[in-house]
Structures are given as structure tokens and as C-alpha cells.
Amino acid sequence: MKYNFASGPAALPQEVINDIICGINNFKDSKLSILETYHRSAEFIHILENAKHTLKRLLAISDDYEVLFLHGGASLQFLMIPYNFLDAKEYAAFIDTGLWSQKAILQAKQFGNAMVIASSKDSNYKYIPKNFNLEDKDYKYLYLCSNNSVYGTAWHHYPETRVPIVADMTSDLLTKQININQFKLVYASLQKNLGVAGAAVVIINKNFLDKFQVKRCTLDMLNFKTHISSASIYNTPPIFPISVAYLMLNWIEKKGGITFFQDDNLKKATYLYKYIDNSNIFFNDVDKNDRSTTNIVFNIKGKISEQDFIDFANRCNCVGIQGHRSVKGFRVALYNAVSYESVKHLVDAMSQYEKTII
Ligand code: PMP
């Protein structure tokens, strides 16, 4: 057995993999594979509607919001959001917490004034900026990335502001309680806690869309309204990622919902951080108040080779722990599908390695 700690595409629960295999062979007893199922069939519409409703139930999302499943992963949202909400003369405020927010900033600059109002670049993104001014301009929205999978930081309290908040929740949606009402738009790539890569879920406040959408939106595929009016089936939707998201959502609900996973994720993260903080060779230098519970980064002290530890971990069947290529070091994803037992196995491997070094 392999213990998969990859940050994405990420580990899937074995039950969900088994259900996927069944669906590929014979989808809901139709004698057809899910991969060849017509996207307007009653079977697929059931999957799509059930996925939306299960997500709404799990996160207590009110009817003021629409839920969309769209092609293009989270990266398409980097540009789709400013395309819909930022005009050339308008301002949007961005908090720069590293790579994923920077990608969003670069895209937003193509459409309007994307202003970086705070950044933790000075410390190589080891903390979440807390001091910023949202009053100096009439900002259309405030953009932030709730969990920074490359640097292991996360927002634990969101800004209280009258400015509408838009959040990339790719790496922590469904891992803990969030109050969706604090946001006007939330999106997440499906590849972390909702299954496989290639698509994203977008939760969008209808009133925000009606009042704040810019006039320019003539490109149908990029217009949120196109997808709302066709209930996520404007063109052939990504049926496989959506079907896996449906299975993941039902698995999350069956396991006990967000309450269960919030506790479980905290328990996993606390266990790993405690080991790292007491280790003689590993360290984590993220501001303790801003540490992520879903992506834990760490480094190795002195001249010990990173590759040597990665090879050792691989021999212990722990895979996917290498840091993002832009920062190196190590990174362990503790998404919902990663069990507490897997984390214990990793910590055992780390402490065995530590004994071989000291
Ligand atoms: N935002 C965050 C926080 C991410 O971690 C990632 C992917 N790792 C993305 C956006 C981009 O997602 P995708 O590759 O599915 O477009």
C-alpha cells in the first residue's frame, strides 16, 4: 500500500475509487460506462443535481447562491472572475499570499486595476498579511486565497469588510466549517477534496452577479450567467470530474460531514506539527497563527540532502511529499481522504529517518 500525500491531484478514498471503477464498467446499472453516458440523460442530471444539493447541504449554502461545475480547474477562474466583475476603470483589491494569488493578480490586470493592498512576499510568504486598507478606493471586490498550498499558510479569520470578498478555496473547501455568507464568490478546483483535476466548483451569490457584473460579458463560455441559465450544461460538461465530485460529496456526508472532517483534519495536522516542532532535523518556519491544516510544509536542517529523505520516505511507501518546484523542501497534503493512520505512518518514517541521521 502507498500513502499518498500529494498536494494535487491528491489521494482519493478507496471506497470512492471502487465506486469509480463500478461506474466506469456499468454506470448505475445502465450497462453503459459513465465515460459514454449522455450528459443530458436523466442519470447524469441526477448526478449533477445531487452534487449541487449535497454541497449546499454540507456547507449550509442558502438559495441566494448558485453552484456551478465548470471546465478549466481553478486557473480558469483566475481570469473568469475579473472578466465578469472588473472593468478597465474599476479597482479590485488583492492580498498577495504567493503563487496562486499572483496568478490571479496577473490575469485580473488584463481587465482592470488589480491593486495589491498587502503582501507577505517580504518573508517568502510565511504569514498571512493582517494590516490593509480597503477604504482608500471604491474596490469592486477583495480577492484572497484561503489556503496557500505552496507555502503552508491559511486564513483562519476572514476580513470583516463591506467590500465583497472573492476567495480561491481550492485547497481547503470542505475541510472545515466556513460561513459562505461571508463571501460573494468562492471557487475550488475539484482535484483536492472533490476528486480529480480538470474542473472547478463555483459558488456565486446571485445578487452580487446581478448587481456587479460588468457590461462587457459577451463571451458566452466566460460569462457566469450563461452557465447559470443552462445549469452547468451549456456545453458538454466535464462529466467524469463531476461524477467523481458527486461520489466525494456523498462520501464526505456519509463519514459525518464537515464537523467530522474539521476535527479529523485538526487532529492530523496537530500530530504532524508536534513532531516537526520537536524534531532535531526537520523544521517548519511558518507563522504559527497562520499555519495551514491541509498543506504542511517543512524543511531539513543543515546539509542533509532533501532527495535522501524523499528516497527514504518512498521506501516507506510515503509518496508525494516533495515541495512545490518553486520553493523545494517538503510538503504534505492532509486533505479529507488522507487518514490519521497515514499521518502516523509518515511520522514513524520521519522519526526512523531522524534516528539514522543523528
Ligand atoms: N489555487 C490553489 C490554491 C491551488 O492549490 C491550485 C492547484 N494546486 C490552483 C489554484 C490551480 O488549480 P488548477 O491546476 O486545477 O487550475
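Now for a look at the structure at hand. (Residues numbered from 1 in each chain as written. Predicted model: local features only at pLDDT ≥ 70, side-chain atom pairs only at ≥ 80, totals over all residues. Heavy atoms only, no water.)

### Here we look at the sheet that holds strand 2 (residues 65-71)
Note the following rule: By definition, two strands form a pair when at least two bridges between them are found by DSSP. Only DSSP runs of H or I reaching four residues or more are called helices, and only runs of E reaching two or more are called strands; each is numbered from the N terminus. Axis definition: a line fit to C-alpha positions, over the contact stretch in the case of helices; interaxial angles, taken between N-to-C directions, run 0 to 180 degrees. Whether two residues are in contact is decided by their heavy atoms, any of which lying within 4.5 Å being enough.
Sheet architecture is open: seven strands sit in the order 2-10-9-8-5-3-4, paired in mixed fashion. The strands lining the two open edges of the sheet, one partner per strand, are strand 2 and strand 4 (113-119). On average, adjacent strands in this sheet sit at an angle of 20 degrees to one another, irrespective of strand direction. Summarising the sheet, strand 5 (residues 139-145) and strand 8 (residues 165-168) pair through four bridges and their orientation is parallel. The residue bridging L144 from the neighbouring strand is A167, located in strand 8. Seen against the sheet, helix 3 (residues 73-85) touches strand 2, strand 5, strand 8, strand 9 (185-189) and strand 10 (199-205) and runs at an angle of roughly 155 degrees to strand 9. The strands that helix 4 (residues 99-108) touches are strand 3 (91-96), strand 4, strand 5 and strand 8; relative to strand 3, the one it contacts most, it runs at about 160 degrees.

### Notes on the nonpolar core
Generally speaking, nonpolar side chains in soluble globular proteins are found buried as a group. Test applied: For the purposes of this section, nonpolar cores are sets of buried Ala, Val, Leu, Ile, Met, Phe, Trp, Tyr and Cys residues that join through side-chain atoms within 4.5 Å. The cut-offs for exposure are 20% and 50% of the maximum accessible area for each residue type, with area from a 1.4 Å probe on protein chains only; residues under the lower value are buried, those over the upper are exposed, and the others partly exposed.
The biggest cluster of nonpolar side chains holds 56 residues, and the ones touching the most others in it are L55, L59, F69, L173, L174, V201 and I203. Among the elements that make up this core, the one with the highest residue count is helix 7 (residues 239-255) (ten residues). Once residues lying within four places of it in the same chain are set aside, the contact partners of L55 are I61, V67, L174, V201, I203 and L249. With 30 residues, the next largest nonpolar core counts A11, I281, C318 and V347 among its residues.

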